[in-house]
Amino acid sequence: MDARVMVFAAVPILTVTIEERADRPELHVHAGGQGVWMSRMVASLGVPVTLCVSLGGETGEVLRGRLSGENIDVRSVKRESGNGWYVHDRRSGERDEVAEDGGVPLTRHDIDALYGIALAEGLRSPVAVLSGSAAPGVVDPDIYRRLAADLGNNGVTVVVDLSGDDLTAVLQGKPAFVKVSHEELMNAGRASGDDEKALIEAGRSVLGEGAGTVLISRPHAPSLALFDDRVVTVEPPALEVADHRGAGDSMTAGIASVLARGGDIEAALRTGAAAGALNVTRHGLGTGDAEAIAELISRVRLEDR
């Protein structure tokens, strides 16, 4: 099977950002959401990617047009309600939220149609990534469990970047790789604190619930990877931060791209860390230059605990 990644992003969002350039306001309108940002980075790394989404309403029509300009294969179903959106103002140098709406839950008909295309595209790909939605409750968590189980049981390597109830559900489907942030573990009550010992205990618990490998990201400390009875710190090169948002999604995308090419876990961790590190130097979420990432890979440090 050729290298390819399927990204399941049930309900992408429309992003509108206002920035200041040469003393004039500048408007940026893009397709966004976790799965879109992941897909963008996978494509940047030279791996073909198929994005499975639902689109509806005025926001969905705008999203359809914006996605058509990406270097991504898009499979979409028409949903009954509109997609979510946000408007952010960055003219001050900080990201200020003006307004946002994560969207309404998918209906049964939406779910049936989307599940079918995601299953088909996932079975055509060596790696499938399951990403979350912008707001809780938009996607039934059981969809993640079912999709992880159906794909995994048919030889697909399932990578998930989920939290809360979605993570709890998907672990029952025994995904091969789980990426989660330390804050998400703490917010869900899975970690008793943010110290390394507490996070390692939480990671082992996630392994016990069904994950094959666990990566816990931390913004101001090395990430923690648990696999093959090992605990490894993953330290990316230090780079000045322009915008920290999207770093974790880029990390997941880097991991998926290596696994899709048949690479091992250590190579995936190095590439993921390099992709996440580069993303923070840019304002575009899920963006990066493959040449720069390749140079950063050798500067990622892995150390057994």
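Residues numbered from 1 in each chain as written. Predicted model: local features only at pLDDT ≥ 70, side-chain atom pairs only at ≥ 80, totals over all residues. Heavy atoms only, no water.

### Some points on the sheet that holds strand E9 (residues 157-161)
- With mixed pairing, 10 strands are arranged side by side in an open sheet as E5-E4-E1-E8-E9-E10-E11-E12-E13-E14. Bordering the open sheet on either side are strand E5 (73-78) and strand E14 (301-304), each of which pairs with just one other strand. Between one strand and the next, the sheet's axes are offset by a mean angle of 20°, whatever the strand orientation.
- Where strand E13 (residues 230-235) lies against E14, 4 bridges are found, and the strand directions are antiparallel. Bridging across to E14, Glu235 finds its partner in Arg301.
- Across the sheet, helix H7 (residues 196-208) is in contact with strand E10 (177-181), strand E11 (213-217), strand E12 (223-227) and E13; its angle to E12 comes to roughly 35°.
- Taken strand by strand, helix H9 (residues 265-279) contacts E10, E11, E12, E13 and E14, and its axis lies near 160° from that of E12. (Pairing = 2+ DSSP bridges. Helix = DSSP H or I, 4+ residues; strand = E, 2+ residues; numbered from the N terminus. Axes fitted to C-alpha atoms, helices over the stretch in contact; angles between N-to-C directions. Contact = heavy atoms within 4.5 Å.)

### Points about the nonpolar core
- Grouped together as the largest cluster of nonpolar side chains are 44 residues, with contacts concentrated most on Val5, Leu51, Val127, Val129 and Leu215.
- The leading source of residues in this core is helix H8 (residues 247-260), at 7 residues.
- Contacts of Val127, omitting those with residues within four sequence positions, involve Arg4, Val5, Met6, Val156, Thr157, Val159, Ala256, Leu259 and Ala260.
- Counting 43 residues, the second largest nonpolar core, distinct from the first, contains Cys52, Ala135, Val139 and Leu171. (Core = buried A, V, L, I, M, F, W, Y, C linked by side-chain atoms within 4.5 Å. Buried < 20%, exposed > 50% of the residue type's maximum accessible area, 1.4 Å probe, protein only.)

### Let's talk about the packing of aromatic side chains
- What the rule picks out here adds up to 1 aromatic pair.
- Ring plane angle 85° and centroid distance 6.0 Å describe the contact between Phe8 and Tyr144, whose orientation is recorded as edge-to-face. Remark: Tyr144 occurs in helix H4 (residues 141-152) and Phe8 occurs in strand E1 (residues 5-8); sequence separation between them is 136 residues. Note on accessibility: Phe8 and Tyr144 belong to one class, buried.
- The ring of Tyr115 is capped by Arg146, whose NZ or CZ atom sits 4.1 Å from the centre of that ring. (Phe/Tyr/Trp six-rings, centres within 6.5 Å; stacked < 30°, edge-to-face > 60°. Lys NZ or Arg CZ within 6 Å of the ring centre and 35° of its normal.)

### Topic: the environment of Pro25
- Relative to the assigned elements, Pro25 resides in strand E3 (residues 24-32).
- The spacing of Pro25 and Val232 is 207 residues in sequence and 45 Å in space, taken between C-alpha atoms.
- Every residue in contact with Pro25, bar those within four places of it in the chain, is listed here: Ile18, Glu19, Glu20 and Arg91.

### As for the pairing of strand E2 (residues 13-21)
- Burial analysis of E2 places 7 of its 9 residues in the buried class, the great majority of the element.
- Here E2 runs beside E3; their pairing, made up of 9 bridges, is antiparallel. Paired with Glu20 across the two strands is Pro25, which belongs to E3.
- The hairpin turn running from E2 into E3, its antiparallel successor, is 2 residues long, and Ala22 in that turn takes a positive phi close to 55°.
- Strand direction decides the pairing type here: E2 and strand E6 (residues 83-89), joined by 6 bridges, are parallel.

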